[in-house]
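# Topology and contacts: notes
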Amino acid sequence: MKTVVTTAYRPTEATEKKAQQISIDLSISFAERNKRSVEKMHEAWAADVLVAAKERLEFYPLGKTEPFFFHPNSSAFRTKRPLEKDPLIEVSGLQAGDVFVDCTLGMASDAIVASQHVGPDGRVIGCESHRAIAYVIGQGLATYDKMPHLTAAMKRIQVVNEEAVDYLASLPDNSVDVVYMDPMFTEEILEASNFTPLRAAAHTGQPSAQWIEQAVRTARKSVVLKAHYKSSDFEEFGFKRRLRPNTKFHYGVIDCRKEKE
Ligand SMILES: C[S@@+](CC[C@H](N)C(=O)[O-])C[C@H]1O[C@@H](n2cnc3c(N)ncnc32)[C@H](O)[C@@H]1O
């Protein structure tokens, strides 16, 4: 889908400059706002619309009037609890100083939790195949300053705008500690989530044998899959389910150390 960039409804010199810069960074057209609603912009350009607002970047997939923008989401409360008790940290065996590859960056909430846990001696790389999402999240991680205890962890996350399988295929064997994947659910989720505006736009690819093979090849400790509790991917690809009563999603783990013995 084509994307164009515009300013907020009432542009300022700063938002105009920001929008022009995004048009260069992403090689997309700059569209004059001319006091048009997002719906009118969608109609005029038949494209997704990125809005350079004063405080943040907003992404409106074609046909959606609710914006997608960066905010810490669940990482805000998850990082206020002991991190070693966070379900993702617990099941993955991630430790300070480790390298964590998040194959499906999305809003980056999981990546922020991982980055806070691995600390300054570790590394977190987040793959996001959707260009505009990767850009909005990359900018947010680099500039968000409303949660000072997370600023450094956010800034350390390296955003890679690439299909996860291709990124993993470029890495040497056993070169990272944990590989994590959280693809879009295929099951209908009735309650609204922060991802609701993106359901139609985000990459909806599901785990494949090639993806899991590359993940196991590159990970020293574990490969973790988050999926709907009804998903058969855990069994199909050899993940051991960690049951979480009363939750809509489960984690599954492949222990790479055992796998490679
Ligand atoms: C459910 S969301 C991930 C949410 C994320 N764990 C978080 O904490 O916000 C899935 C995201 O991964 C992206 N994605 C899905 N499959 C991908 C793939 N194979 N490679 C790269 N990105 C992918 C989608 O575009 C979407 O933004």
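The paragraphs below set out a description of the structure included in this document. Just so you know, these numbers come straight off a predicted model, no measurement behind them.

So, on to the side chain of D177. Relative to the elements of secondary structure, D177 occurs in strand β8 (residues 176-181). Residue contacts for D177: discarding those within four places in its chain leaves D98, V99, A219, R220, K221 and S222.

Next up on the list: unusual backbone geometry. Residue N34 is not a glycine yet carries a positive backbone phi of 45°. When you line up the elements, N34 lands in the loop between β2 (29-30) and α2 (38-45). The class of N34 is exposed, set by a relative accessible area of 58%. If you check the backbone angles, A108 has positive phi at about 75° while not being a glycine. Summarising the element assignment, A108 is placed in the loop between β5 (99-102) and α5 (109-118).

Below, the discussion takes up the pattern of salt bridges. Taken as a whole and assessed by the stated rule, the structure comprises nine salt bridges. Between R56 and E58 there is a salt bridge, with its nearest N and O atoms 2.8 Å apart. For R56, a relative accessible area of 32% translates into the label partly exposed. Salt-bridge contacts for D173 lead to R217; the nearest nitrogen and oxygen are separated by 2.7 Å. With D173 in the loop between α8 (164-169) and β8 and R217 in helix α9 (residues 209-218), the pair connects residues that are 44 residues apart, well separated along the chain. A single salt-bridge network, built from bridges that share partners, covers R78, D86 and D110.

Let us now look at α5. Counting buried residues along α5, nine of its 10 residues qualify, which places the element largely inside the surrounding structure. All buried positions along α5 are accounted for by S109, D110, A111, I112, V113, A114, S115, H117 and V118. With its phi angle positive at about 75°, G119 sits one or two positions after the end of α5.

Within strand β3 (residues 48-52), five of the five residues are buried, leaving the element largely enclosed by the surrounding structure. The two faces of β3 match: D48, L50 and A52 on one face and V49 and V51 on the other face are all buried. Looking at chain direction, strand β1 (residues 3-7) and β3 are connected through five bridges and run parallel. Looking across to β3, one finds that T6 is bridged to V51. Both β3 and strand β4 (residues 57-60) contribute to a ladder of four bridges, which runs antiparallel.

Read across the open sheet, the four strands follow the order β2-β1-β3-β4; overall the sheet is mixed. Among the strands making up the open sheet, the edge pair consists of β2 and β4. Along the sheet, helix α6 (residues 131-143) contacts β3 and β4; its crossing angle with β4, the most-contacted strand, is approximately 160°.

Analysis parameters
- Residues numbered from 1 in each chain as written.
- Predicted model: local features only at pLDDT ≥ 70, side-chain atom pairs only at ≥ 80, totals over all residues.
- Heavy atoms only, no water.
- Helix = DSSP H or I, 4+ residues; strand = E, 2+ residues; numbered from the N terminus.
- Contact = heavy atoms within 4.5 Å.
- Buried < 20%, exposed > 50% of the residue type's maximum accessible area, 1.4 Å probe, protein only.
- Salt bridge = Lys/Arg side-chain N within 4 Å of Asp/Glu carboxyl O.
- Pairing = 2+ DSSP bridges.
- Axes fitted to C-alpha atoms, helices over the stretch in contact; angles between N-to-C directions.

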